[in-house]
Amino acid sequence: MPSEVKLPPGPLRELVAAVHGLYVDAAMPGTSRISRLIRERDDLPDTVSHEMVGKLLHGEALPRWEKLQCVIQQLCDMAVSRPAVEEERVRFHSLWLAAQLDRDQRPKAVPPVKPSSLLMLQIRDAAGRTGSEMKQLQHRFQAVWSDVLGERRTLRSEDRGDGWAFWEGGTDLVSQAYDELLPALAERLHDSNEAAESRLPLRLSGALHLGAVVTTETGLHGRGMNEAARLLDAPVVRSAVAEVISEVAVAVSDQAWDAAGGREETNHCRAIFVSRFKEWAGGPVRLYTPRPWWPDWKR
């Protein structure tokens, strides 16, 4: 088999290898000649273009059995060893059938999913809260977040118990979250925490990412969603967030950072590198706090 023919292991490789063996025995005739000779015969069930002959020899296509049968019979008639046509037809039908069944059983190609903006927000210190405390914090978040969104937009969302996932197609949400939504959310949470005078301050950690998502009956899935969740859960991110005294701290992935314009502002951004962690492949991340930190933050 020529070195440029590279096939995955399996029935198709076996079929192409067998065709090449017969092709070499026939002194490697040109694909146009094979096609022409088949077309000139009246004892074959079909015709075969020279393009299809070439694709067959390179493993780029699995033709219908009638077309493969034509090629095999023509090569048998041209072969030096003069193989028995009927025996070869039975042998190649078995190889073709195995390749066909293997192809039918392979997962169908899924159309590419366009990247979506993903914003995950999670209640910090949720693990130590009682059920009633979590409900109180959830209600406070919903009230503040509805006020932040106002009439400007409706985001697709999913309640994840101790937090929420928001997403939409394209990159607009990334820029708007960075420029408008997160700063407004931080300000309103700060006011809410001050006004409540409660032992239950509501503070959030988050992840802003750009990736592929899909929705099914069981909720939000997809590589982008898994990456955003793991980024938020990465130990280095959790450690950095634990130091934040303001109400909102969001880990912004490199993809989202580029989409947002990549503006680093004093007392608002801290560059960190997150190593590979489960579904998160690793890479540079900015820890973004819409409200400034303490003055000596950069020391």
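Relevant structure appears above.
Not measured: the values here are computed from a predicted model.

Criteria and thresholds
Residues numbered from 1 in each chain as written. Predicted model: local features only at pLDDT ≥ 70, side-chain atom pairs only at ≥ 80, totals over all residues. Heavy atoms only, no water. Helix = DSSP H or I, 4+ residues; strand = E, 2+ residues; numbered from the N terminus. Buried < 20%, exposed > 50% of the residue type's maximum accessible area, 1.4 Å probe, protein only. Contact = heavy atoms within 4.5 Å. Areas by Shrake-Rupley, 256 points an atom, 1.4 Å probe, with all protein chains shown as cover. 1 Å grid on protein atoms, 1.4 Å probe; cavity = no way out; pocket = protein on both sides within 12 Å on 5 of 7 lines; lining within 4 Å. Points joined across faces, edges and corners; volume = space filled by probe spheres on them. Nonpolar A, V, L, I, M, F, W, Y, C, P; charged D, E, K, R; others polar. Salt bridge = Lys/Arg side-chain N within 4 Å of Asp/Glu carboxyl O. Phe/Tyr/Trp six-rings, centres within 6.5 Å; stacked < 30°, edge-to-face > 60°. Axes fitted to C-alpha atoms, helices over the stretch in contact; angles between N-to-C directions. Parallel < 35°, antiparallel > 145°, perpendicular 65-115°, else oblique. Left-handed = near helix turned anticlockwise from the far one by under 90°. Arc of directions from axis to C-beta. Expected span 1.5 Å × (residues − 1).

Asker: I'd like to hear about the overall build of the protein chain, residue by residue, with values.
Answerer: Across its full length, the protein chain carries 10 helices and nine strands. For the protein chain, with 299 residues in total, the buried portion stands at 46%. Pairs at least 24 apart in sequence give 71% of the contacts found in the protein chain among residues at least 6 apart. Carbon and sulfur atoms make up 50% of the accessible area of the protein chain, which totals about 15700 Å².

Asker: An account of the layout of surface pockets is requested, with residue identities and associated values reported.
Answerer: Considered as a void within the structure, the largest pocket measures approximately 310 Å³ in volume. Lining the largest pocket are 15 residues, with Gln122, Arg124, Asp125, Ser205 and Arg238 positioned closest to its centre. Broken down by secondary-structure element, the contributors of at least two residues to the lining of the largest pocket are β1 (116-123), α8 (223-233) and α9 (235-242). The greatest single-element share of the lining of the largest pocket, amounting to four residues, is contributed by α9. The class makeup of the residues in the lining of the largest pocket is seven nonpolar, two polar and six charged.

Asker: Got a sec to walk through the pattern of salt bridges? Specific residues and values, please.
Answerer: Under the criterion given, the structure shown has 15 salt bridges. Of the charged contacts, one joins Glu66 and Arg64 as a salt bridge, the two residues approaching to 3.2 Å between their closest N and O atoms. Accessibility expressed as a relative area gives 46% for Arg64, which makes it partly exposed. Note that Arg286 is salt-bridged to Asp254, the shortest N-O span being 2.9 Å. A residue pair is termed long-range when its members are at least 10 positions apart, and Arg286 in strand β9 (residues 283-288) and Asp254 in helix α10 (residues 254-259) qualify at 32 residues. A residue is classified by how much of its surface remains accessible, and Arg286, at 16% relative accessible area, is buried. Through salt bridges with shared partners, a single ionic network connects Asp46, Arg64, Glu66 and Lys67.

Asker: Lay out the packing of aromatic side chains in plain terms, naming residues and giving numbers.
Answerer: Using the criterion set out here, one finds six aromatic pairs in the structure. With centroids separated by 5.9 Å and ring planes inclined at 15°, the aromatic side chains of Phe141 and Trp145 adopt a geometry described as stacked. Remark: Trp145 and Phe141 occur in helix α6 (residues 131-149); sequence separation between them is four residues, near one turn of the helix. The exposure classification of Phe141 matches that of Trp145, with both residues buried. Ring geometry for Phe141 and Trp164: centres 3.9 Å apart, planes at 20°, overall stacked. With Phe141 in helix α6 and Trp164 in strand β3 (residues 163-169), this residue pair connects regions lying 23 residues apart in the sequence.

Asker: Can you explain the packing of helix α2 (residues 31-40) against helix α3 (residues 50-57)? Please cite residues and give values.
Answerer: In the contact formed by α2 and α3, the axes pass within 8 Å of each other and the chain directions differ by 125°. It follows that α2 is oblique to α3 by the angle criterion. When you trace α2 past α3, the crossing you get is right-handed. Contacts between α2 and α3 involve Thr31, Ser32, Ile34 and Ser35 from the first element and His50, Val53, Gly54 and Leu57 from the second. Classifying every residue of the contact of α2 with α3 gives three nonpolar, five polar and no charged.

Asker: Please provide a residue-by-residue account of α2, values included.
Answerer: For an α-helix the count is 3.6 residues per turn, leaving residues at separations of three or four pointing the same way. Taken together, the buried positions of α2 are occupied by Ile34, Ser35, Leu37 and Ile38. One face of α2 carries all of its buried residues, which in axial projection span an arc of 165°. Pointing more than 90 degrees away from the buried face of α2 are the exposed residues Arg39 and Glu40. Each element contacted by the buried residues of α2 is listed here: α1 (11-25), α3 and α4 (65-78).

Asker: Mind laying out the packing of α1 against α4, listing which residues take part and the relevant values?
Answerer: In contact at an axis separation of 8 Å, α1 and α4 are set at 35° when each is read in the N-to-C sense. Seen along the crossing, α1 lies across α4 with a hand that is left-handed. Residues Leu15, Val19, Leu22, Tyr23 and Asp25 of α1 pack against Leu68, Ile72, Leu75, Cys76 and Met78 of α4. In the contact of α1 with α4, the residues fall into nine nonpolar, no polar and one charged.

Asker: Which residues make up α1, and what values do they have?
Answerer: With 15 residues, α1 should reach 21 Å at 1.5 Å per residue; the first-to-last C-alpha distance of 22 Å fits that figure. When we look at burial in α1, the residues that qualify are Leu15, Val16, Ala18, Val19, His20, Leu22 and Tyr23. Contact partners of the buried residues in α1: α2, α3, α4 and α5 (85-105). A positive backbone phi angle near 70° is found at Ala27, which sits one or two residues after α1.

From the geometry alone we can't say anything about function, so treat these as descriptive.
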